[in-house]
Amino acid sequence: MRPTYLEVNLEQLKKNLEAIRAHVGKAKIMPMVKANAYGHGIEGVAPFIEPYVDYLGVALVEEAIQLRMLGIKKPILVAGGTLIEQLPLFFEHDLILTASSLDLLTAAEQLGESTRQRLKVHLKIDTGMERVGVHEYEAEKFIKTSLACSHLGVEGIYTHLANSEQTNASVTPASLQLERFQEVLHFYEKNSLPMPMRHVCNSGGILNLPEAHLDMVRPGVLFYGVYPGRDIQTKIDVKPALTWKSKVAYSKVTLPGRSVSYGSLWQAGAQTRIVTVPCGYADGYFRRMTNQARVVINGKSYPQVGRICMDQFMVSVGDDDVKVGSEVTLLGGGITAEELADWTGTNEYEVMTNISARVPRVYIGAVQ
Ligand SMILES: *Cc1c(COP(=O)(O)O)cnc(C)c1O
């Protein structure tokens, strides 16, 4: 196997799920496993976690099909925007459609009618994200139409928070979105109609807006043990499950004045040992981190130096005798996704989801 790999602690993911469950009480849980399970590897994560979850959530219908191919039997919600031409796939693979427009809803109903099949849908209400979904002020017509669709089972209704990590206001944007959503739900109460399953919360909502937990929550980043923002007060006992490791592939002494890598962006001030790590920006070790990142070798932290290349980068270890084959930790083991995000000028989500398919995933901690 490649010396550069991602170690994924499945047992930790299960603990994270348990911690979230304890926090949300009776609400069902739908971990989001889109984007290759936030980089953790869908093939390892989904089958392991399936027995402990109520639903699995993805963004794309293609991701949902991949889950079915992996043998997943639990309900799968496709949360992202869907094109009408993709609708047959939902029937074929028993997937839950996010009905995000009147057109999509009607097209799904027509397809159900013409093929004499039924489809489960969750209605998507846009309360302030302006992405996909029907605005709360146009929801009544949407819901009425859905009630007339005899080939669709409206199992759920949901919205998505745009600023769930923000708490520094008397009326937060998230609570305003919740209020708009509740107004939409009032239609069911007013008309004594059975209430579909209601869900609102991503990780930020789970932490900051307990009154929005409702019938189900949709943890993404928090399930992977990472907080969705830096100033979150509520703490849940989750921990990261990823360790990104490699091995020193080359070790040499560099003389003072010699510069390292493309563009000569770093120069040795004094004699130092430079070691090469066989991992680069094509693996998701962002080029933007050049001269800012650090790694851990033999329990000690060292600076990454010189331009990060496509497949390799260099580390200055000073006078330490670091040998070829020594283990290098790029993430985990004292280096957080937050740090990588800061070095790159991005967020933890992008750091994790960008670890490329070229990096093998190794699963540990699974009960056999
Ligand atoms: C990705 C996603 C989530 C999870 O978001 P996190 O911030 O990672 O918790 C929840 N709901 C929907 C609809 C999503 O697309």
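Residues numbered from 1 in each chain as written. Predicted model: local features only at pLDDT ≥ 70, side-chain atom pairs only at ≥ 80, totals over all residues. Heavy atoms only, no water.

1. Examining the overall build of the chain
Then, number 1: If you tally the helices and strands in the chain, you get 11 helices and 20 strands.
Then, number 2: Summarising its shape, the C-alpha atoms of the chain cover approximately 80 × 50 × 40 Å along the three principal directions.
Then, number 3: Expressed as a percentage of its 368 residues, the buried residues of the chain come to 54%.
Then, number 4: Taking as baseline every contact in the chain between residues at least 6 positions apart, the subset at least 24 positions apart corresponds to 67%.
Then, number 5: Accessible surface, the chain as shown: approximately 16100 Å² in total, 51% of it carbon and sulfur.
Then, number 6: Between the mean site of the 37 positive side-chain charges and the mean site of the 39 negative ones, the chain shows a separation of 6 Å. (Helix = DSSP H or I, 4+ residues; strand = E, 2+ residues; numbered from the N terminus. Buried < 20%, exposed > 50% of the residue type's maximum accessible area, 1.4 Å probe, protein only. Contact = heavy atoms within 4.5 Å. Areas by Shrake-Rupley, 256 points an atom, 1.4 Å probe, with all protein chains shown as cover. Lys, Arg positive; Asp, Glu negative; His and termini not counted. Charge placed at Lys NZ, Arg CZ, Asp CG, Glu CD.)

2. As for the pairing of strand 18 (residues 313–316)
Then, number 1: Both faces of strand 18 are covered, namely the face carrying Phe-313 and Val-315 and the face carrying Met-314 and Ser-316.
Then, number 2: Where strand 15 (residues 272–277) and strand 18 come together, 4 bridges link them in antiparallel fashion. Within strand 18, the residue paired with Val-277 across the bridge is Phe-313.
Then, number 3: Relative to strand 18, strand 17 (residues 300–305) runs antiparallel, the two being bridged by 2 bridges. In the sheet register, Gln-304 faces strand 18, and the bridge partner there is Val-315. (Pairing = 2+ DSSP bridges.)

3. Quick word on the layout of surface pockets
Then, number 1: Taken as a whole, the largest pocket spans an internal volume of roughly 430 Å³.
Then, number 2: As for the largest pocket, its lining consists of 27 residues, and the residues nearest its centre are Lys-34, Tyr-38, Arg-131, His-160 and Asn-202.
Then, number 3: Breaking the lining of the largest pocket down by element, the ones donating at least two residues are helix 2 (34–38) and helix 9 (203–208).
Then, number 4: Class assignment for the residues of the lining of the largest pocket results in 14 nonpolar, 8 polar and 5 charged.
Then, number 5: Taken together, 17 residues make up the lining of the second largest pocket; nearest its centre are Pro-240, Leu-242, Gly-332, Ile-335 and Thr-336.
Then, number 6: Looking at the lining of the second largest pocket, the elements with two or more residues in it are strand 11 (242–247) and helix 10 (337–344). (1 Å grid on protein atoms, 1.4 Å probe; cavity = no way out; pocket = protein on both sides within 12 Å on 5 of 7 lines; lining within 4 Å. Points joined across faces, edges and corners; volume = space filled by probe spheres on them. Nonpolar A, V, L, I, M, F, W, Y, C, P; charged D, E, K, R; others polar.)

4. Topic: the site of the ligand
Then, number 1: Inspection of the region around the ligand gives Met-32, Lys-34, Tyr-38, Ala-79, His-160, Asn-202, Ser-203, Arg-218, Pro-219, Gly-220, Val-221 and Tyr-349 as its neighbouring residues.
Then, number 2: Between Gly-220 and the ligand, the recorded distance is 2.9 Å, taken from a backbone N or O atom to an oxygen atom.
Then, number 3: The residue inventory of the shell around the ligand, partitioned by class, reads 6 nonpolar, 4 polar and 2 charged. (Near = heavy atom within 4 Å. Polar contact = N/O pair within 3.5 Å; in protein donor to acceptor, adjacent residues only side chain to side chain.)

5. Looking at the domain arrangement of the chain
Then, number 1: According to the domain assignment, the chain contains domain 1 (10–217) and domain 2 (242–364).
Then, number 2: A separation of 38 Å is found between the C-alpha centroids of domain 1 and domain 2.
Then, number 3: Listed per partner, the contact involves 11 residues of domain 1 and 7 residues of domain 2.
Then, number 4: Inspection of the region where domain 1 meets domain 2 yields 0 salt bridges.
Then, number 5: In this assembly, domain 1 and domain 2 are joined by 5 residue pairs in polar contact (both at pLDDT 80 or more).
Then, number 6: Among the elements of the structure, helix 1 (10–24), helix 2 and helix 3 (42–49) are those that each provide at least two residues to the side of domain 1 that touches domain 2.
Then, number 7: Residues belonging to the side of domain 1 that touches domain 2 are distributed by class as follows: 4 nonpolar, 5 polar and 2 charged. (Domains from an automatic or database assignment. Salt bridge = Lys/Arg side-chain N within 4 Å of Asp/Glu carboxyl O.)

6. Thoughts on the packing of aromatic side chains
Then, number 1: On inspection of all chains with the given rule, the structure shows 7 aromatic pairs.
Then, number 2: Arranged with centres 5.8 Å apart and planes meeting at 80 degrees, the rings of Trp-244 and Tyr-285 form a pair that is edge-to-face. Of this pair, Trp-244 sits in strand 11 while Tyr-285 is found in the loop between strand 15 and strand 16 (294–297), placing the two residues 41 residues apart along the sequence. The same class applies to Trp-244 as to Tyr-285, namely buried. (Phe/Tyr/Trp six-rings, centres within 6.5 Å; stacked < 30°, edge-to-face > 60°.)

7. Looking at the nonpolar core
Then, number 1: With 115 residues, the main nonpolar core has Trp-244, Tyr-285 and Ile-297 as its most contacted residues.
Then, number 2: Residues from two domains meet in this core; each of domain 1 (10–217) and domain 2 (242–364) gives at least three.
Then, number 3: Those residues in contact with Tyr-285 that lie beyond four places of it in its chain are Trp-244, Cys-279, Gly-280, Ala-293, Arg-294, Val-295, Ile-308, Phe-313, Leu-330 and Leu-340.
Then, number 4: Formed by 5 residues, the second largest nonpolar core is a distinct cluster that contains Val-260, Ile-274, Cys-309 and Met-314. (Core = buried A, V, L, I, M, F, W, Y, C linked by side-chain atoms within 4.5 Å.)

8. Quick word on empty space enclosed by the protein
Then, number 1: All chains considered together, the criterion is met by 1 cavity of 30 Å³ or more.
Then, number 2: Space inside the largest cavity adds up to approximately 30 Å³.
Then, number 3: Along its surface, the largest cavity is lined by Lys-124, Ile-125, Asp-126, Met-129, Arg-131, Val-132, Thr-159 and His-160.
Then, number 4: Residue composition of the lining of the largest cavity, grouped by class: 3 nonpolar, 2 polar and 3 charged.

9. So, helix 7 (residues 139–147)
Then, number 1: Those residues of helix 7 that sit buried are Ala-139, Phe-142, Ile-143 and Ser-146. Burial along helix 7 is one-sided: seen end-on, the buried residues are contained in an arc of 95 degrees. (Arc of directions from axis to C-beta.)

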